[in-house]
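Below, each chain spelled out in residue letters.
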Amino acid sequence: MSSRTWPVRVWRDGDVLHVQRDGSDAVAWPLSEVSISPRLGRTPRMLRRAGYGQVECADSALLETWLPTQRESRVEAIADWLERRRTAIVGAAAVTVLMTVAFVKFGVPWIATRVAEHMPASVERHLTSQVVAMLEKVHFHPTAISTERQARLRARFADLVRGEPRADQMQVFFVASPSIGPNAFALPDGRIYITDQLVALADDDDELLSVLAHEAGHHVHRHGMRLAIESSSVLVATGLMFGDASGSSLAVAVPAALLNSGFSREHEREADAYAIGLLKRRGVSPAAFARMLRRLEQDQRNEPGGVVGYLSTHPPTPERIRAAEAAAAGH
Amino acid sequence: MDTLIHAQPAGDAGAPSLPVIERHRPQFSGSAREYFGIWFVNLLLSIVTLGIYSAWAKVRTQRYFYGNTKLAGASFEYLANPIAILKGRLIAYAFVIALGLSARFSIGVYMALIAFLGLAMPAILVLSLRFRARNSAWRGVTFGFDERVGAAYGPFLGWPILAYITASLLYPSMKMRQQQFVLEGHRFGSQSFSFQGTLGDYWGPYLAMVGAAIAGALVLGAVTALGSDMAGSREAGMIAFLVLFYVGFFALMIYMRVRYANLFWDKARLGDHRFESTLRARDMLWLYASNAVVILCTIGLAVPWAMVRLARYRAEHFAIVANGSLEGFVADAGRYTGAAGAELVDALDTGLDFGF
């Protein structure tokens, strides 16, 4: 076979394809030995007979009658059918968007919850120890809070969560961290960290207790593990789906980050609801939680910058304060 | 009896002729409107099938651009089997998932995987060049890439390290060896490509780039100083600095790529045939920048338009200068050895770009 080309005439006669060069006799190609490249836009079709050569020709309705779609190119035939129909494309797009939204909104959190429930405690501990090692190196300093106050808060917290699911794993740690600022967070194995800066910001122990209740909510609902699973699965899914759609990783990274903060906001709402419920059941007014949020908001406002709404990992603070105050009023 | 006329303009059907030099320019006939349907269906089916269809999407995209590129009367063909690509992608995705999970759960494993990937990169490059070459054809004759996997470690691992530790002074040497490796490994049918470059050729673009970088740095410094003076704030100066820095960096990258892509084809020979690549840096800069803006403004829907536009520009600025007939290339059926495994790396798409 070579790159030599000739203009040819091609016609069908029964089960045979005749290929004729100008001034020569026609050559017979049995149809059963001829394969054809699948249709694609207005690109030329290739009629190929292994060992003999190929004929390049414009697409034509005749070709479909000569050589009906073979099994191995059925997928491409379906794609081709769709590609030529604008209304079908629009319909398919609408269905796809709906399916994707439903999957992200309900499917991913559902799967993450199920998987997190079956995650062995050793994985939670391993994950936590890595985060703690990093935080201790960069952000943590020894606390300046007196051991009596620590013990008092720990005892009140133990009373608060007694009998709650996974309460025996919860452990409160105090650390000073100017770089993190007033904050508290729960890690997957049940450790709850609270910074000296937050303790200094609070007016009384009830307010601190309300924050700890919120963090306990994160642990009860396994939010650390769930977020890890949710963001990994979003990353994997977007990689699978858009891996070569545009060749731009930014186009994937930005929506993935937005989705992650969406999951995180959902977790914060869940932890807030848990904290409010727990405080009420143990006779602490949720108004303490509202006061604490207000102080945090005030503190953030004094900082330069502030939180960008859509990228925020937390729901808007006024919304959270309203929820806590409404619960306190009904108390 | 149905009849179908096949009119192929090329072909001096056997008439004896003296070797003549003829310039053949590829014609790209794809249209953004038509490709949009294909691209959008690719996107939808890939989403609905959780990425499985992406193998078919890749094949259809490639076939669209190859099939719409006509050179000397015949179209290019992309012959890859989607199933082969799918298998490769599944393995690559497993690796990527392992990478993502280990980044979260075990930094040690993550570092080991990254190191493995770095060491495997030259091998992956060779395998993907093989895959692409043997699945590309023109007039029924396929291309090939025969270089051994181990041979890529010099130009694509050793030389980059040397260029790095000499603060890029050896960059031209590295670039030459890489282009030579890629070119000499390729063949069309049984005819090998050859490389005619000398080291001197590779210093030109490099020196121009260094000069432009120094000039750019001076302008940048002046503008930043001026900007912060006029606006009376350091922040305005910083923002001006960052914007100009990125624009300048982007422009230099494009400039280098264009110059070296042109050089690559200028130094390439296929038997007695030569090539011409006349891409212009300012055109490419305009194309990339305007494409980026339009794609952003249309939330990605203009991607097909941008791809078609780029392909058309590239076809218009490429030519094969044929010394004699293009009819004599012979398919090389016996040299498919060593292509096994090439499919596995396709998904990692090395993005090697020859400017065409």
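Cut-off values and rules
Residues numbered from 1 in each chain as written. Chains lettered and ligands numbered in written order. Predicted model: local features only at pLDDT ≥ 70, side-chain atom pairs only at ≥ 80, totals over all residues. Heavy atoms only, no water. Contact = heavy atoms within 4.5 Å. Buried area = accessible area lost by both parts, 1.4 Å probe. Salt bridge = Lys/Arg side-chain N within 4 Å of Asp/Glu carboxyl O. Polar contact = N/O pair within 3.5 Å; in protein donor to acceptor, adjacent residues only side chain to side chain. Helix = DSSP H or I, 4+ residues; strand = E, 2+ residues; numbered from the N terminus. Nonpolar A, V, L, I, M, F, W, Y, C, P; charged D, E, K, R; others polar. Axes fitted to C-alpha atoms, helices over the stretch in contact; angles between N-to-C directions. Parallel < 35°, antiparallel > 145°, perpendicular 65-115°, else oblique. Left-handed = near helix turned anticlockwise from the far one by under 90°. Buried < 20%, exposed > 50% of the residue type's maximum accessible area, 1.4 Å probe, protein only. Pairing = 2+ DSSP bridges. pLDDT = per-residue confidence, 0-100. Core = buried A, V, L, I, M, F, W, Y, C linked by side-chain atoms within 4.5 Å.

1. Examining the interface of chain A and chain B
How big an interface is tends to be stated in terms of accessible area lost as the parts join.
Consideration 1: The partner chain B presents 62 residues to the 57 residues of chain A that form the contact.
Consideration 2: Both faces considered, chain A and chain B share a buried interface measuring about 5300 Å² in area, 59% of it formed by carbon and sulfur atoms.
Consideration 3: Linking chain A to chain B there are seven salt bridges.
Consideration 4: Of the charged contacts, one joins R48(A) and E77(B) as a salt bridge, the two residues approaching to 2.2 Å between their closest N and O atoms.
Consideration 5: For the interface between chain A and chain B, the tally reads 17 residue pairs in polar contact (both at pLDDT 80 or more).
Consideration 6: The set of elements that each furnish at least two residues to the side of chain A that touches chain B consists of β1 (8-13), β5 (45-49), β6 (53-57), α1 (61-66), α2 (74-83), α3 (86-117), α4 (121-138) and α8 (223-242) of chain A.
Consideration 7: When residues of the side of chain A that touches chain B are assigned to their parent elements, the largest contribution, eight residues, is made by α8(A).
Consideration 8: Taken together, the residues of the side of chain A that touches chain B sort by class into 28 nonpolar, 16 polar and 13 charged.

2. Quick look at the packing of helix α2 (residues 54-67) of chain B against helix α3 (residues 82-105) of chain B
Residues and elements named next belong to chain B.
Consideration 1: Look at α2 against α3: their axes get within 8 Å of each other, and the N-to-C directions meet at 125°. Taken together, the axis directions place α2 and α3 in an arrangement best described as oblique. In the packing of α2 onto α3, the handedness of the crossing is right-handed. Between α2 and α3, the residues in contact are S54, A55, W56, K58 and V59 and P82, I83, I85, L86, R89 and Y93, respectively.
Consideration 2: Of the residues in the contact of α2 with α3, the class split is eight nonpolar, one polar and two charged.

3. Concerning unusual backbone geometry
Consideration 1: The phi dihedral of R166(A) is positive, around 60°, even though this residue is not glycine.
Consideration 2: Looking at the element boundaries, R166(A) is found in the loop between α5 (147-161) and β7 (171-175).
Consideration 3: One non-glycine residue with positive phi stands out, namely S168(B), at about 70°.
Consideration 4: The topology assignment puts S168(B) in the loop between α5 (153-165) and α6 (171-185).
Consideration 5: Its relative accessible area of 30% is what places S168(B) among the partly exposed residues.

4. Overview of the sheet that holds strand β3 (residues 27-28) of chain B
Strands belonging to one sheet form pairs held by backbone hydrogen bonds; the direction of such a pair is parallel or antiparallel.
Consideration 1: Spatially, β2-β12-β11-β10-β9-β8-β7-β6-β5-β4-β3 (chain B) is the arrangement adopted by the 11 strands of the open sheet, whose pairing is antiparallel. Each of the sheet's edge strands pairs with one partner strand only, and the pair in question is β2 (21-24) and β3 of chain B.

5. Quick word on the confidence of the model for chain B
Residues and elements named next belong to chain B.
Consideration 1: Confidence in the prediction for chain B averages 83 pLDDT; 85% of positions are at 70 or higher.
Consideration 2: Between residues 337-341, whose pLDDT stays under 50, and residues either more than four places distant or in other chains, the model counts four contacts.
Consideration 3: Per-residue pLDDT stays below 50 along residues 346-356; that stretch engages in 35 contacts with residues further than four places along the chain or on separate chains.
Consideration 4: Complex prediction metrics read pTM 0.73 and ipTM 0.77.

6. Some thoughts on the nonpolar core
Consideration 1: The biggest cluster of nonpolar side chains holds 69 residues, and the ones touching the most others in it are W138(B), F188(B) and F275(B).
Consideration 2: Examining the composition of this core, we find that eight residues originate from one element, helix α1 (residues 32-48) of chain B, more than from any other.
Consideration 3: Beyond its immediate chain neighbours, meaning those up to four positions away, F188(B) contacts W138(B), V141(B), T142(B), F143(B), F193(B), L270(B) and F329(B).
Consideration 4: Counting residues in each nonpolar core, the second largest holds 36 residues, with V172(A), A186(A), A275(A) and L279(A) among its members.

7. Description of the confidence of the model for chain A
Caution is warranted with low-pLDDT regions, since their predicted coordinates should not be read in detail.
All names here are of chain A.
Consideration 1: Per-residue confidence for chain A gives a mean pLDDT of 85; residues scoring 70 or more make up 91%.
Consideration 2: Taken as a whole, residues 244-248 scores under 50 in pLDDT and shows eight contacts with residues more than four places along the chain or in a different chain.
Consideration 3: Contacts of residues 304-311 to residues separated by more than four positions or lying in other chains number eight contacts, the stretch itself having pLDDT below 50.

8. Here we look at the sheet that holds strand β8 (residues 184-186) of chain A
Residues and elements named next belong to chain A.
Consideration 1: Sheet architecture is open: three strands sit in the order β7-β9-β8, paired in mixed fashion. For this open sheet the edge positions go to β7 and β8, each flanked by a neighbour on one side alone. Across the sheet, the mean angle from the axis of one strand to that of its neighbour is 20°, orientation sign disregarded.

9. Quick word on the pairing of strand β9 (residues 191-195) of chain B
Residues and elements named next belong to chain B.
Consideration 1: Pairing of strand β8 (residues 186-188) with β9, which is carried by two bridges, proceeds in the antiparallel orientation. Across the sheet, the residue bridging to R187 is S192, located in β9.
Consideration 2: Hairpin connection, β8 to β9: the antiparallel pair is bridged by two residues, and G189 has positive phi, about 60°.
Consideration 3: The pairing of β9 with strand β10 (residues 268-270) spans three bridges and is classified as antiparallel. Following the sheet pairing, S194 is matched in β10 by R269.

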